[in-house]
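Examination of the molecular architecture
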Amino acid sequence: MSPVFDDLVGQEHIIGILKSAVVASRTSSDSQEMTHAWVFTGPPGSGRSSAAVAFAQALICPNQGCGHCNECQSAATGGHPDVEVIRTEELSIKVEEIRELLTRVAWAPSIGGWRVVVMEDADRLTESAANALLKAIEEPGTRTVWLLCAPTLHDVLPTIRSRCRHLQMRTPSIYAVTQVLIKCDNISPTMADFAARASQGHIGRARYLATNESVRSIRKVILQLPLQLGSLAAAFQAAQNLIDLATEEANASSESRNEKEIEKLQEAYGKGATGRGMATGAAKAVKELEKEQKSRATRMVRDSIDGALLDLATFYRDVMLVQSSATESMINSDMRDEIEGFASSFPAHAAAQKMSAILEARKHLAMNAAPLVTCEALMCELARK
Ligand SMILES: [Zn+2]
């Protein structure tokens, strides 16, 4: 029953809850099992938005989430009239967007029994946006379900979270991620094991790493950085290298996407169509799209820098493991010799300090600190003996 939930790796504890909610949603609308507002929390890559989308599918599918009917498919791709998936490429979701959303979801469901809103980044709501949303959650339309996703419960306004049922996703085990890569993505066992370790249970990143040679080589260069921090000048250079590599990685994935989007938009306006109104309309829309793409690019570079810092943290984690002779759970086993050499001359306990410095830098970046300055400060700290 409900195969849409099968892709949620290592989340058996919440799948049971969601399945009972789906059953309850069909029998009576005011059952304990089925509530109107849910919040899914979990670290990046734990699949919180996949869980919310699967739940949306199961709610509107005549077969409780078969995964292949029209309802299931259109809900997943954003084409279902009763399912709204709010994904943002911006750093924040503004009150105007929420107001627009609220007018869209005000009417009763058109096909299925429920109107479902999945908000992938509820932590990006501005305060006024969150307050506008709060009103809707307090007085939900009888057939509207809100599914909010955020890294932790603290990222959601207390007044909102107190009205939601909370589901905490778990970071799947290395083993579980490896199995998914082998079975669903046809990746070789050795590569799957490497990617699952390197991405620390982040399934999306694991898949990306396993299937993308250039991402793997960028990661390799990042992991060499701690070995090159001999002087202050070298630390500044390392910071610049990290930013350049992260930008390169982000650009590679956004360029082809940008071109495709612009092409599609021009097609929608009828490429080659004549008439002045048509031409200005298209030009304006393209300009707006380019603006959106630019802000998405900024966010992708930030995400990519964050990924690079996470990789860097795994280096020091491995140094700690080597120093305490617990190498079997080493992440970067492909660099064993370099890491062992580094660990032998590195003061005990210092690796833990370096890891917290990296964590601190990630926090600053998440609060919109300037990337280069943050990385320079970090590299100087990492270079300090
Ligand atoms: Zn279905």
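Right above here is the structure, for reference.
Structure report, in brief.

With that settled, consider the overall build of the chain. Within the chain, the secondary structure is distributed over 15 helices and 5 strands. Over its C-alpha trace the chain gives a radius of gyration of 23 Å, about what one expects of a compact globule, namely 21 Å for 385 residues. Going through the 385 residues of the chain one by one, you find that 45% of them count as buried. Taking as baseline every contact in the chain between residues at least 6 positions apart, the subset at least 24 positions apart corresponds to 71%. Accessible surface, the chain as shown: approximately 19,200 Å² in total, 53% of it carbon and sulfur. Averaging the locations of the 41 positively and 46 negatively charged side chains of the chain gives two centres separated by 2 Å.

Taken in spatial order, the 5 strands make up an open sheet running 2-3-4-1-5, and their pairing is parallel. This sheet does not close on itself; its edge strands, each paired only once, are strand 2 (83–86) and strand 5 (165–168). Neighbour to neighbour, the strand axes of the sheet diverge by 15° on average, direction disregarded. Here strand 1 (residues 37–41) runs beside strand 4 (residues 144–150); their pairing, made up of 5 bridges, is parallel. The residue bridging tryptophan 38 from the neighbouring strand is leucine 147, located in strand 4. Its contacts with the sheet put helix 1 (residues 12–27) on strand 1 and strand 5, and the angle it makes with strand 5 is roughly 145°. Seen against the sheet, helix 2 (residues 48–60) touches strand 1, strand 2, strand 3 (115–119) and strand 4 and runs at an angle of roughly 165° to strand 4.

We now examine the coordination of the zinc ion. At the metal site, the zinc ion is ligated by Cys61 (SG), Cys66 (SG), Cys69 (SG) and Cys72 (SG), and these contacts range over 2.3 to 2.4 Å. Taken together, the 4 donor atoms surrounding the zinc ion define angles of 100 to 118° at the centre, an arrangement classified as tetrahedral. Look at where the donors of the zinc ion fall in the sequence and you get C-x4-C-x2-C-x2-C. Taken as a pair, cysteine 61 and cysteine 69 share a single burial class, namely buried.

About the thresholds
- Residues numbered from 1 in each chain as written.
- Predicted model: local features only at pLDDT ≥ 70, side-chain atom pairs only at ≥ 80, totals over all residues.
- Heavy atoms only, no water.
- Helix = DSSP H or I, 4+ residues; strand = E, 2+ residues; numbered from the N terminus.
- Rg over C-alpha atoms; globule rule 2.2 N^0.38 Å.
- Buried < 20%, exposed > 50% of the residue type's maximum accessible area, 1.4 Å probe, protein only.
- Contact = heavy atoms within 4.5 Å.
- Areas by Shrake-Rupley, 256 points an atom, 1.4 Å probe, with all protein chains shown as cover.
- Lys, Arg positive; Asp, Glu negative; His and termini not counted.
- Charge placed at Lys NZ, Arg CZ, Asp CG, Glu CD.
- Pairing = 2+ DSSP bridges.
- Axes fitted to C-alpha atoms, helices over the stretch in contact; angles between N-to-C directions.
- Donors = N, O, S within 2.8 Å, 3.2 Å for Na, K, Ca; no water.
- Tetrahedral: all angles 85-135°; square planar, octahedral: opposite > 155°, others 65-115°.

On their own, these measurements won't tell you what the molecule is for.
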